[in-house]
Amino acid sequence: MKKKRVFGLITGIIICASLFAGCSSNTEKAKKESSTKIVSTIKGNVSIPTNPKRIVDISGVTEDLLILKHTPIGTANADSYKTTEKPSYLKDELRTSKLVGFSMMDTMDMEAILKLNPDLIIMSERQAKIYDQLKAIAPVVMLKDYANDWRSQLTDVSKLFGQEKDAKKWLADYDKKAISIGKEIEKKNGKQTYLTILASSGKFYIFSDAAIGSILLSDMKLPQPSNMPKQEGISLPVVTMEGLASIDADHIIAITTDADKKDLENSEVWKSMRAVKDGNVTMLNSSPYFAQGYAPIGRELLLDLVKGKFVK
């Protein structure tokens, strides 16, 4: 009888151990599954961490990530005129982020990305040729090239993290602020027209509906001159100095390098323009203002800058 009891006890222990091992295995499996999720990308469905902690962004959506409280450990959001530096208005927010390239380029510093040991990489389709290399390092989400559609970009990035409500609230707050400042400017200056240009080596790129130009037109609802050149896609319309003079805006915002600014100041045609003679010209440095209006944090900061220039 003793032998039977001992045998029964041992059998019971083995069964319990097996059950415990099975339960533990299922728990670990469930835990692993809950730590990842499937997201839809232009490369198909991809499994990514549910809560990534080490994000490398080379697509240019770093500002969107910051809005959503995800500071990347690696970024390619470089200044357009100083591509080895981060934009000056983001230096504090990105002080712990490693610069691994320039988001408008099709390749990156792969060694730097590898050393960062990311758990998620966000890239753009413009960098498609390094997709397989990146995929060997960490899960990769490839985003489409959003061009000027910064709103859709923020919304789509928020979907990766289940933060659509956060993105929607940020956009609503931004729109409310933009409309309010636009009304203040109109109350101060009346129904005057606004023109934003990039001066570059004797040519003038017109921000008809992009960057600062779209902030004034689409967000603040401020009028432009009636004969503004139409913008097709992401390419900015280009005019000569004489063509610029014919647009005849009440106010001009000119984005320039120091050399281009000097050229303008020495131009008789420039001096003859009504906005210039009336003292209604705002000069902004090409770095960082040329690219600042293409992304959300930059745009919000520009709202305050524009208000400071036109509501005095």
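Not measured: the values here are computed from a predicted model. (Residues numbered from 1 in each chain as written. Predicted model: local features only at pLDDT ≥ 70, side-chain atom pairs only at ≥ 80, totals over all residues. Heavy atoms only, no water.)

Points about the overall build of the protein
Inference 1: Helix and strand counts for the protein stand at 13 helices and twelve strands.
Inference 2: When the 312 residues of the protein are sorted by exposure, 44% land in the buried category.
Inference 3: Put simply, the protein shows about 16600 Å² of open surface, and 53% of that area lies on carbon and sulfur atoms. (Helix = DSSP H or I, 4+ residues; strand = E, 2+ residues; numbered from the N terminus. Buried < 20%, exposed > 50% of the residue type's maximum accessible area, 1.4 Å probe, protein only. Areas by Shrake-Rupley, 256 points an atom, 1.4 Å probe, with all protein chains shown as cover.)

A closer look at the sheet that holds strand E10 (residues 238-239)
Inference 1: Spatially, five strands are ordered E10-E9-E8-E11-E12 in an open sheet, and the strand pairing comes out mixed. Two strands lie at the open edges of the sheet, namely E10 and strand E12 (281-285), each paired on one side alone.
Inference 2: Pairing analysis gives four bridges linking strand E8 (residues 194-200) to strand E9 (residues 203-206), with the strands arranged antiparallel. Residue Ser 200 lies in a different strand from E9, and its bridge partner there is Lys 203.
Inference 3: Strands in contact with helix H7 (residues 211-219) are E8, strand E11 (251-256) and E12; relative to E8, the strand with the most contacts, it is inclined by about 175 degrees. (Pairing = 2+ DSSP bridges. Contact = heavy atoms within 4.5 Å. Axes fitted to C-alpha atoms, helices over the stretch in contact; angles between N-to-C directions.)

Let's talk about the layout of surface pockets
Inference 1: Counted as a void, the largest pocket has a volume near 740 Å³.
Inference 2: Residue lining of the largest pocket: 38 residues in total, with Ser 103, Met 104, Ala 147, Ala 291 and Tyr 294 positioned closest to the centre.
Inference 3: Top element by residues in the lining of the largest pocket is helix H12 (residues 286-292). It accounts for six residues. (1 Å grid on protein atoms, 1.4 Å probe; cavity = no way out; pocket = protein on both sides within 12 Å on 5 of 7 lines; lining within 4 Å. Points joined across faces, edges and corners; volume = space filled by probe spheres on them.)

Digging into the sheet that holds strand E5 (residues 98-99)
Inference 1: Taking strand neighbours across the sheet as the criterion, the five strands line up as E5-E4-E3-E6-E7 in an open arrangement whose pairing is parallel. Edge positions in the open sheet fall to E5 and strand E7 (140-143), since each of these has one partner strand only.
Inference 2: Here strand E3 (residues 55-57) runs beside strand E6 (residues 120-124); their pairing, made up of three bridges, is parallel. Across the sheet, Asp 57 pairs through a bridge with Ile 122, a residue of E6.

Here we look at helix H6 (residues 164-189)
Inference 1: Relative to the 38 Å expected for 26 residues at 1.5 Å per residue, H6 spans 37 Å between its end C-alpha atoms, a close match to the ideal helical length.
Inference 2: For H6, the full list of buried residues reads Ala 167, Trp 170, Leu 171, Tyr 174, Ala 178, Ile 181, Gly 182 and Ile 185.
Inference 3: Looking at the buried side of H6, the elements it contacts are helix H2 (62-67), helix H5 (150-160), E8, H7 and helix H13 (296-310).
Inference 4: Taken from the residues just after H6, Gly 190 is the one with a positive phi, measuring 80 degrees. (Expected span 1.5 Å × (residues − 1).)

Section: H13
Inference 1: The terminal C-alpha atoms of H13, which comprises 15 residues, lie 21 Å apart, in line with the 21 Å expected from a rise of 1.5 Å per residue.
Inference 2: What H13 keeps buried is the set Pro 296, Ile 297, Gly 298, Arg 299, Leu 302, Leu 303, Leu 305, Val 306 and Phe 310.

A short note on the pattern of salt bridges
Inference 1: Going through the model one piece at a time under the given rule, you end up with 16 salt bridges.
Inference 2: Put simply, Asp 156 and Lys 159 hold a salt bridge, and the shortest N to O gap is 3.6 Å. Residue Asp 156 and its partner Lys 159 are both found in helix H5; the two are separated by three residues, about one turn of the helix.
Inference 3: Relative accessible area serves as the criterion here: at 25%, Asp 156 is assigned to the partly exposed category.
Inference 4: For the salt bridge of Asp 219 with Arg 299, the shortest nitrogen-to-oxygen distance reads 2.6 Å. Separated by 80 residues along the polypeptide, Asp 219 in helix H7 and Arg 299 in helix H13 bring together distant segments of the chain. (Salt bridge = Lys/Arg side-chain N within 4 Å of Asp/Glu carboxyl O.)

Quick look at the nonpolar core
Inference 1: Judged by nonpolar contacts, the single largest core of 34 residues is most densely connected at Ile 185, Leu 216 and Met 220.
Inference 2: For this core, the elements supplying multiple residues, two or more each, are H2, H5, H6, E8, H7, E11 and H13.
Inference 3: A total of seven residues in this core trace back to one element, the largest contributor, which is H6.
Inference 4: Apart from the residues within four sequence positions on either side, Leu 216 is in contact with Tyr 194, Thr 196, Lys 221, Leu 222, Ile 253 and Val 306.
Inference 5: Listed in part, the 18 residues of the second largest apolar core include Ile 58, Ala 76, Met 110 and Ile 130. (Core = buried A, V, L, I, M, F, W, Y, C linked by side-chain atoms within 4.5 Å.)

A few points about the pairing of strand E2 (residues 44-49)
Residues in a regular strand project their side chains so that they alternate between the two faces of the sheet.
Inference 1: Where strand E1 (residues 36-41) meets E2, six bridges bridge the pair, whose relative direction is antiparallel. Within the sheet, the bridge partner assigned to Thr 41 lies in E2 and is Gly 44.
Inference 2: Counting the residues that bridge the hairpin from E1 to E2 gives two residues.

Considerations on the packing of H5 against H6
Inference 1: In the contact formed by H5 and H6, the axes pass within 7 Å of each other and the chain directions differ by 155 degrees. Here H5 is positioned roughly antiparallel relative to H6, judged by the angle of their axes. Residues Trp 150, Arg 151, Leu 154, Thr 155, Ser 158 and Lys 159 of H5 form the contact with H6, whose participating residues are Glu 164, Ala 167, Trp 170, Leu 171, Tyr 174 and Asp 175. (Parallel < 35°, antiparallel > 145°, perpendicular 65-115°, else oblique.)

Here we look at empty space enclosed by the protein
Taking a probe equal in size to a water molecule and rolling it over the atoms shows the remaining empty space.
Inference 1: Overall, the coordinates contain two cavities of 30 Å³ or more when judged by the stated rule.
Inference 2: There is about 60 Å³ of room inside the largest cavity.
Inference 3: Considering the residues around the largest cavity, the lining is formed by Leu 195, Leu 244, Ala 245, Ile 247, Asp 248, Ala 249, Ile 252, Met 273, Arg 274 and Ala 275.
Inference 4: Residue assignment for the lining of the largest cavity shows that the elements contributing at least two residues are helix H8 (241-247) and helix H11 (274-277).
Inference 5: Here the residues of the lining of the largest cavity are counted per class, giving eight nonpolar, no polar and two charged.
Inference 6: Considering the residues around the second largest cavity, the lining is formed by Ala 147, Asn 148, Trp 150, Ala 210, Ala 211, Ser 214, Gly 293, Tyr 294 and Arg 299. (Nonpolar A, V, L, I, M, F, W, Y, C, P; charged D, E, K, R; others polar.)

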